[in-house]
Amino acid sequence: MRKMNRKSISIAILSIVLFTGSCTKDIIEEEPRGVFTPEFFSTELGVQGGLTYLYQNLRNVYGFAYFLNLGETGTDEYCAGQSADNNFYDLDLAGEGNLNPDSGFSIGTPWGNAFPAINTASGIIENAAAVGLDESLIAEAKFFRAFNYFMLVQTYGGVPLDLGAGELAFNTSVARTSVRNTVPEVYTRGIFPDLIDAISDLPESPRLTGTVTKNVARLMLAKAYLTYGWWLENPNGIPTYPDAQRTDPDGNGPSYYFQQAYNVAVQGINNPGPYSLLDYFYDVHVATNDRHEEMMLYADRTEESQIYNGADIGFSGTDNSANTAVWMVTSNYTTISVNGVAAVQREAAQSYGRPWTRMAPTIGALTETFTNKDMDSRYDGTFVTSYRGNWDKGGDPSPSLTAANGMEIEPGDAVVSFLDEYDPAVDYSVNGGNIGGGQIPGRSDYVINLNEINRRFYPGLWKLGTYRTDNEGGLGSPNGAITRPFPIAKYSEFYLVAAEAAVKGASGSFTARNLVNVLRARAGMWRFDNGEQQERMEDNSAAMMSATPATIDIDYILAERSREYFGEGMRWYDLVRTQKWTEYSSSYEIAGNDATDHSPTTTNRTIEPFHYLRPIPQSQIDDLNMTEAEKDAYQNPGY
């Protein structure tokens, strides 16, 4: 495909930061280069440059606002918010949009970014060995080739292994034809072999902060085995494309791949290398603790240099290279006012950021997924549940404001809070905070019940929120692209991948309940109450483990995955893999677009079997030099 090839050998600038930690020695500086050629990849400089690009390219997907939309909108976690446009309505499948091959930025993000990375990886793999470069560097390229193919096959079904120069070959031709391989071919020829090689040749510890290792490759291989096992089983008869029998070329059935997924995940658990679970879920996401030992792979950023950050740190839009994803799920809190004072202003801090309000959490996600908010710290460590006064940082000298029940609040106090438990006594007639907040006796903050949220005002996603160190006591730069790393793979996922495989019949030294309880025990550990903004040293781990069902099923695994990874772009892929999307997401509850609306209604979605594959972007198909019939056949059915 011409467009695929053209993008795969060109990048605008190569001198980018590879990883940003606290040490400048972690920065790779490369000569700017416009084109990758086979000769370039035969030098160490070329391999380093190509690898730098592969890591940089993660930014074009993870943290990209519309990729979060692709992985979340239309699921049981998120629906279209008050400021949604067709990019979001199309994916919500609720009648206001129409998911199609021209559905904007979201559907094309994996396609447009994976193939350039795949071709670059192939260039490294083909040419680096000729000059005797370390196998571990080639293994990094193999990891990324498999990683990107895995993203593609989950999103679109079978995709081409031949980009114009032969299967898995580096392409510099101008071929404008393309043939899609089947799903089994992509897994068994384009994903599994590369990841197995990567596990063999990658180091135990990263060569630089954040580079891939044996365990990163193990996690991806375990997930690929798990996903392929589900695909072979096909419990609900979901169609695939290109048409292929649900059989494995090697003659293995679903149970074989579930067992392989379990085995590889347990290997990762038993051989952690430099990775481990943190003691507290809160610490996994608090911005002051980024790049820790649980975070195995991430799309990195920095506030120290706009060039190395890859996006404007003063004012950013939705450009692919900018990390602005969390803004999409940030409600319009800046309309909060008390006595005519803008009590909660836009701030470059983890609970605030820029309120784009394109996506809203469903009521069911807040009330049913996160049921045990008192013992389980994951709700508190995921959402912004209290919006606190910061008018002083915006220059207003008022020492206090008169809020709910005529009570005084000071800067730092809660202005509006979402209640953990439903309270029927909430009086919304006061229109508190100018955003429809209610009040209950004895509280100075306005309150909202979680089962009465609307598409305009709802708990934000604290875990991915903005963080800067240069606010200097003020509001800082809340409109600049987020400079935090965006999580892609965490050590915790080994436990849930192995647990899911165990539910599907795999066996070994750990049961599904054993594995799930490792994370549930951690979820019961508190050191800080995010909603109350105060220390909370509490150990509920025994009670959390005791509450785990004796028999774990796939529904329980999916609930645990949502509690661990809510809002990180995994949910659509989880529900499609397990074929639970229709069951979980065909309807949702939320109130309307007005902040004062606290009367939720049920919205129905139309999720057809063909929706389990995303459409290939029409712009890509238009660029093919093929007949119209061949182009039509190239597209996924239903679109």
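Provided above is the structure to which this section pertains.
What you are looking at is a predicted structure, and each value in this text was computed from that prediction instead of being measured. (Residues numbered from 1 in each chain as written. Predicted model: local features only at pLDDT ≥ 70, side-chain atom pairs only at ≥ 80, totals over all residues. Heavy atoms only, no water.)

Asker: Residues and numbers for the overall build of the chain, please.
Answerer: Within the chain, the regular secondary structure consists of 22 helices and 17 strands. For 639 residues, the compact-globule estimate of 2.2 N^0.38 gives 26 Å, and the C-alpha radius of gyration of the chain, at 24 Å, lies within 12% of that figure. Counting all 639 residues of the chain, 63% fall into the buried class. Long-range pairs, those at least 24 residues apart, make up 74% of the contacts in the chain between residues at least 6 apart in sequence. Carbon and sulfur atoms make up 46% of the accessible area of the chain, which totals about 21600 Å². (Helix = DSSP H or I, 4+ residues; strand = E, 2+ residues; numbered from the N terminus. Rg over C-alpha atoms; globule rule 2.2 N^0.38 Å. Buried < 20%, exposed > 50% of the residue type's maximum accessible area, 1.4 Å probe, protein only. Contact = heavy atoms within 4.5 Å. Areas by Shrake-Rupley, 256 points an atom, 1.4 Å probe, with all protein chains shown as cover.)

Asker: Could you give an account of the side chain of Arg605, with specific residues and numbers?
Answerer: Residue position: Arg605 is located in the loop between β17 (601-604) and α21 (618-622). Reaching out from Arg605, the side chain makes a polar contact with the backbone oxygen of Gly74 at a distance of 3.4 Å. Among the polar contacts made by the side chain of Arg605, one reaches the main-chain carbonyl oxygen of Thr75 at a distance of 3.0 Å. If we skip the residues at most four places from it in the chain, Arg605 touches Gly74, Thr75, Tyr78, Cys79, Asp92, Leu93, Ala94, Ser585, Ser586, Ser587 and Tyr588. (Polar contact = N/O pair within 3.5 Å; in protein donor to acceptor, adjacent residues only side chain to side chain.)

Asker: An account of unusual backbone geometry is needed here, citing residue identities and associated values.
Answerer: Most of the time, phi is negative for any residue but glycine, and the peptide bond is trans. Residue Pro242 follows Tyr241 across a cis peptide bond; omega there is -10°. Tracing the backbone through its elements, the reader meets Pro242 in the loop between α9 (214-233) and α10 (254-270).

Asker: Please give an account of the environment of Ile107 that cites residues and values.
Answerer: Tracing the backbone through its elements, the reader meets Ile107 in helix α6 (residues 104-128). Judged by relative accessible area, which is 1%, Ile107 ranks as buried. C-alpha separation for the pair Ile107 and Ser331, spaced 224 residues apart in sequence, amounts to 24 Å. Not counting the four nearest positions on each side in its chain, Ile107 is found in contact with Leu70, Leu91, Leu99, Asn100, Pro101, Asp102, Tyr156, Pro615 and Pro617.

By themselves, these are just geometric observations and shouldn't be taken as functional.
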